[in-house]
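If you want the building blocks of each chain, they are given just below.
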Amino acid sequence: MENIASMSYTYKTKRLILKVLSEDDVNFVLDYYIRNREFLDEWEMKKDNSFYTTEVQKSNLQRDLKDYKEGRLLRFWIFKKEEKEKIIGSVAFSNIVRGAFLSCNLGYKSDLQEINKGFITEAVEKGIEIIFNEYKLHRIEANIMPKNKASFNVVEKLGFYNEGRAYKYLKINGNWEDHIHMVLLNSSSRV
């Protein structure tokens, strides 16, 4: 992988801008989470009220930027090109592991008002390109609850395959949920 300091913080697709944000962008992130609080509850771990504060979001952004600079995380916040002041989702490649593994986990979330418009698929596709070509990883793993049909649609369109079910894998909204382990391999990986 090239020096992370020389890599871009912003990428573009046909309709989107994908950005690594800093604490200066906290108001965009806080607005996104407040607008989508109820919608995201079903798909994420329980959050207390402090999560929806400037202090917590600023701290999260500081940690994300540190992890980005250290090569452990790549989180993009998604904006439409014609609406640059409003986040419509995020794509994160986390738990980046080097050595013999060369792998990461994929997670993504959408704005409720923007689901089923192909924005997440477009953003994830760009992220995969970056992870495979710039980060030189071999494997991306996405763990998805069986009931999350929209999420399956994203990874299936992008060529992920099913490696099996992980029982009671993550605690989501207060309940231990099974997840389907979806994987994409870098077909050009020679590392």
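Worth saying up front: this structure is predicted, and the values here are computed from it rather than measured.

Peer 1: I would appreciate a short explanation of helix α5 (residues 149-157) in the present structure.
Peer 2: Along an α-helix, residues three or four positions apart point the same way, because every turn accommodates 3.6 residues. Along α5, the residues classified as buried are Ser151, Phe152, Val154 and Val155. Along the long axis of α5, the arc covered by the buried residues comes to 155°, so they all point the same way. Of the exposed residues in α5, those oriented more than 90 degrees away from the buried face are Lys149 and Lys157. Residues of α5 that are buried in the fold lie against β5 (103-110), α4 (119-133), β6 (139-144) and β8 (175-185). Just beyond α5, the residue with positive phi is Gly159, at close to 95°.

Peer 1: Sorry if this is basic, but what is going on with the sheet that holds β5 here?
Peer 2: Strands sit in the order β1-β2-β3-β4-β5-β6-β8-β7 across an open sheet of 8 strands; the sheet is mixed. Two strands close off the open sheet at either side, each with one partner strand: β1 (10-12) and β7 (161-172). Taken over all neighbouring pairs, the strand axes of this sheet differ in orientation by 30° on average, direction set aside. For β5 and β6, the ladder comprises 3 bridges, and the chain directions are parallel. Directly across from Cys104, in β6, lies its bridge partner Ile140.

Peer 1: Help me understand the pattern of salt bridges in this model?
Peer 2: If charged atoms from side chains of opposite charge come close, those side chains can pair. Taken as a whole and judged by the stated rule, the model has 15 salt bridges. Between Lys80 and Glu114 there is a salt bridge; the shortest N-O distance is 3.0 Å. Here Glu114 lies in the loop between β5 and α4 and Lys80 lies in strand β3 (residues 74-80), a separation of 34 residues in the sequence. A single burial state applies to Lys80 and to Glu114, both of which are buried. With a closest N to O distance of 2.5 Å, Glu163 and Arg139 form a salt bridge.

Peer 1: Would you mind showing me how to read unusual backbone geometry here?
Peer 2: Keep in mind that most residues, glycine aside, have a negative phi and that most peptide bonds are trans. Positioned with a positive phi, Leu102 is a non-glycine residue whose angle comes to about 45°. Topologically, Leu102 is positioned in the loop between β4 (83-97) and β5.

Peer 1: Honestly, empty space enclosed by the protein in this entry has me stumped. Any pointers?
Peer 2: Over the atoms rolls a probe the size of a water molecule, and in doing so it shows where empty space is left. For the coordinates displayed, the defined rule picks out 2 cavities of 30 Å³ or more. Estimated volume of the largest cavity: approximately 50 Å³. Lining the largest cavity are Val20, Leu21, Leu61, Asp64, Leu65, Tyr68, Leu73, Arg75 and Trp77. With 4 residues, helix α3 (residues 54-69) is the largest single contributor of residues to the lining of the largest cavity. Class assignment of the residues belonging to the lining of the largest cavity gives a composition of 7 nonpolar, no polar and 2 charged. What the second largest cavity holds in volume is close to 30 Å³.

Peer 1: Where do I start with the packing of aromatic side chains in this structure?
Peer 2: Two aromatic rings are characterised by how far apart their centres lie and by the angle between their planes. For the structure on display, the rule yields 8 aromatic pairs. Judged by centre distance (5.4 Å) and plane angle (75°), the rings of Tyr11 and Phe76 are edge-to-face. Linking Tyr11 in strand β1 with Phe76 in strand β3, this pair joins segments that are 65 residues apart in sequence. According to the relative accessible area criterion, Tyr11 is buried, its value standing at 11%. Considering the side-chain rings of Phe51 and Tyr52, the 5.1 Å spacing of their centres and the 80° angle between planes classify their relative orientation as edge-to-face. Every member of this aromatic cluster is reached through a ring pair, and the members are Tyr32, Tyr33, Phe51, Tyr52 and Trp77. Sitting above the plane of the Tyr52 ring, Arg37 keeps its charged end 3.9 Å from the centroid. In this structure, Lys147 packs its charged tip against the face of Trp43, placed 5.6 Å from the ring centre.

About the criteria used
- Within each chain, residue numbers correspond to sequence positions counted from 1 in written order.
- pLDDT decides what is reported in this predicted model: residues at 70 or higher carry local features, side-chain atom pairs at 80 or more are listed and counted, and totals for whole chains, interfaces and linings draw on all residues regardless.
- Heavy atoms throughout the structure, all of them, feed into the side-chain values; hydrogens and water do not.
- Exposure classes here rest on a 1.4 Å probe applied to the protein chains alone. A residue is buried below 20% of its type maximum, exposed above 50%, and partly exposed in between.
- Every helix listed is a DSSP run of H or I at least four residues long, and every strand listed is a run of E at least two residues long, numbered separately from the N terminus.
- As used here, the arc belongs to the directions running from the helix axis to the C-beta atoms.
- Contacts are assigned to residue pairs that have any heavy atoms within 4.5 Å of one another.
- Here, strands pair whenever DSSP counts at least two bridges between them.
- Axis definition: a line fit to C-alpha positions, over the contact stretch in the case of helices; interaxial angles, taken between N-to-C directions, run 0 to 180 degrees.
- Salt bridges are counted wherever a side-chain nitrogen of Lys or Arg sits within 4 Å of a carboxyl oxygen of Asp or Glu.
- Space inside and on the surface of the protein is sampled on a 1 Å grid over the protein atoms alone, with a cavity defined as a set of points where a 1.4 Å probe fits but cannot get out and a pocket as an open set with protein on both sides within 12 Å along at least 5 of 7 lines; lining residues have an atom within 4 Å of a point.
- Grid points are joined across faces, edges and corners, and a volume is the space filled by probe spheres set on the points.
- Gly is put with the polar residues, along with every residue not named as nonpolar or charged; the nonpolar set is Ala, Val, Leu, Ile, Met, Phe, Trp, Tyr, Cys and Pro, and the charged set is Asp, Glu, Lys and Arg.
- Here is the rule: rings of Phe, Tyr and Trp (six-membered ring for Trp) pair when centre to centre is within 6.5 Å. Planes less than 30 degrees apart are stacked, more than 60 are edge-to-face, and the remainder are tilted.
- Placement of a charge over a ring requires the Lys NZ or Arg CZ to be within 6 Å of the ring centre, with the centre-to-atom vector within 35 degrees of the ring normal.

No statement about biological role is implied by the geometric values presented.
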